[in-house]
Amino acid sequence: MEDFMNYVADANRYGKAEYRRCGRSGLKLPLVSLGLWHNFGSVDVFENAKKMACFAFDHGITHFDLANNYGPIPGSAEKCFGRILKESLGAYRDELIVSSKAGYVMWDGPYGGLGSKKHMVASLDQSLQRIGGDYLDIFYSHRPDPDTPIEETVDALEYAVRSGKALYVGISNYSAEQTVAAAEELAQRGIRCLIHQTRYNMLDRRPEPDLFETLDRIGMGAICFSPLAQGILSDRYLEGVPSDSRAIRGHFLTEDKVRERQDLAKKLAKIAKGRGQTLAQMALAWVLQRETVCSALVGASSTTQIAENLEALENTEFSSEELQQIDALTVLEN
Ligand SMILES: NC(=O)c1ccc[n+]([C@@H]2O[C@H](COP(=O)([O-])OP(=O)(O)OC[C@H]3O[C@@H](n4cnc5c(N)ncnc54)[C@H](OP(=O)(O)O)[C@@H]3O)[C@@H](O)[C@H]2O)c1
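Residues numbered from 1 in each chain as written. Predicted model: local features only at pLDDT ≥ 70, side-chain atom pairs only at ≥ 80, totals over all residues.

Asker: Teacher, can you tell me more about the overall build of the chain here?
Answerer: Broken down by element type, the chain carries 11 helices and 10 strands. Its C-alpha radius of gyration of 19 Å places the chain within 12% of the 20 Å reference for a compact globule of 334 residues. Each of the three principal axes of the chain carries a C-alpha extent, and together these read 50 × 50 × 40 Å. Relative to its full complement of 334 residues, the chain shows a buried share of 46%. Sequence separation of at least 24 residues holds for 76% of the intrachain contacts in the chain that already meet a minimum separation of 6. (Helix = DSSP H or I, 4+ residues; strand = E, 2+ residues; numbered from the N terminus. Rg over C-alpha atoms; globule rule 2.2 N^0.38 Å. Buried ≥ 20, exposed ≤ 12 C-beta atoms within 10 Å, placed from the backbone. Contact = placed C-beta atoms within 7 Å.)

What follows is the structure in structure tokens.
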């Protein structure tokens with residue numbers, strides 16, 4: 001019998017938390033979800049990772065997002081979360097929505113990535129082994145595969161649901177057209193395509209015209225990743241590039257990219273200040289204005305950041321003047 005190392009979740013965890021229905025499904029997700037792409041790998045400090053996950057859950061964040069390749073090293077974020085479940089959060093497994101994905105390259109050879117049934121099913125089994133337990137709440141096709149017929153990728157998603165290894169399925173990084181193809185193919189098999197995980201933030205507004213309209217029409221929800229543009233839309237880089245930041249430690253955000261956007265971030269931070277928010281809080285409130293978006297999927301390196309981000313929910317209304325100011329600064333960015 002596991003003792004979950006005496007972790008007891010905060011009794012008031014649902015007191016202030018808010019949830020939004022994912023498309024026309026029965027599943028609700030927290031307005032802010034936590035992603036484990038960075039800071040949960042084997043190169044990171046486990047105690048900090050565990051502290052963040054427990055802090056998040058203590059504040060009503062019920063959704064934790066993974067992928068087969070998160071780390072570094074690839075796979076280690078799933079192992080880390082598996083350990084967190086074992087040591088603490090596992091006692092609350094029925095209160096959690098745990099997602100993972102397959103599609104980016106994970107192992108050598110022709111079946112190590114993309115959308116074949118061979119890759120997707122093997123990857124799902126590996127993810128379950130690393131995380132532990134019998135099922136994921138959401139299993140995603142992480143990216144479209146132009147060389148695999150959508151019917152085959154959908155075969156894998158259908159298998160995930162029928163085998164009980166996933167309760168729901170979703171897609172990520174699919175265009176509007178690819179989304180319709182996947183959702184229709186799943187619907188023909190009696191399975192809902194629950195959710196689309198897409199990048200969306202004030203600096204990347206590409207989903208606005210087509211994708212969001214398509215999701216509304218077919219009743220799918222959107223969860224937005226990198227709502228802070230990996231930290232550019234926060235106070236993290238307003239005065240420079242700290243040595244412990246992602247721009248220095250990681251490979252996906254460069255110092256050049258941060259510096260390129262610094263002036264713009266400062267202008268947006270002024271608007272945020274006028275609203276009584278930090279830039280990160282305004283950036284989260286901004287993605288959540290859109291009803292299609294059921295959750296803003298943030299990353300974090302500390303509990304302080306998570307706490308600051310959750311405070312965004314105290315003001316999610318924008319005046320038309322504020323929206324116009326933001327549009328004037330950001331619409332041309334696309
Ligand atoms: N489906 C896909 O293809 C895909 C792609 C990317 C991400 N995702 C998912 O989306 C999740 C979130 O992505 P992301 O990590 O890029 O999101 P993000 O929220 O845009 O960026 C997170 C980073 O911003 C900084 N940050 C967060 N809150 C802050 C605050 N209050 N003040 C100052 N800095 C703050 C931290 O950087 P420091 O680490 O420097 O402190 C943190 O690591 C991922 O974990 C993953 O689950 C999915």
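Okay, back to it.
Asker: Looking at this structure, how should I read the pairing of strand β9 (residues 221-225)?
Answerer: On a regular strand, each side chain points to the face opposite its neighbour's, so the side chains alternate between the two faces of the sheet. Within β9, five of the five residues are buried, which leaves the element mostly enclosed by the surrounding structure. Every second residue of β9 is oriented toward a common face, with Gly221, Ile223 and Phe225 on one face and Ala222 and Cys224 on the other, all of them buried. Where strand β8 (residues 193-199) lies against β9, five bridges are found, and the strand directions are parallel. Note on β9: the bridge partner recorded for His196 is Ala222. Handedness of the β-α-β unit built from β8, helix α6 (residues 211-218) and β9 comes out right-handed. Here β9 runs beside strand β10 (residues 293-298); their pairing, made up of four bridges, is parallel. Across the sheet, Ala222 pairs through a bridge with Val293, a residue of β10. (Pairing = 2+ DSSP bridges. Right-handed = clockwise from strand over helix to strand, strands pointing away.)

Asker: I tried to follow the sheet that holds strand β5 (residues 97-102) on my own but got confused; where do I start?
Answerer: Picture the strands of a sheet paired through backbone hydrogen bonds; they go either parallel or antiparallel. Read around the closed barrel, eight strands run β3-β4-β5-β6-β7-β8-β9-β10, paired in parallel fashion. The average angle at which neighbouring strand axes cross in this sheet is 30°, direction not considered. (Axes fitted to C-alpha atoms, helices over the stretch in contact; angles between N-to-C directions.)

Asker: Would you take a moment to explain the site of the ligand for this structure?
Answerer: In the vicinity of the ligand lie 31 residues, with Gly35, Trp37, Phe225, Gly231 and Gly299 positioned nearest. Elements supplying a minimum of two residues to the shell around the ligand: β10 and α10 (303-310). At three residues, α10 tops the list of elements feeding residues into the shell around the ligand. Taken together, the residues of the shell around the ligand break down into 10 nonpolar, 16 polar and five charged. (Near = placed C-beta within 6 Å. Nonpolar A, V, L, I, M, F, W, Y, C, P; charged D, E, K, R; others polar.)

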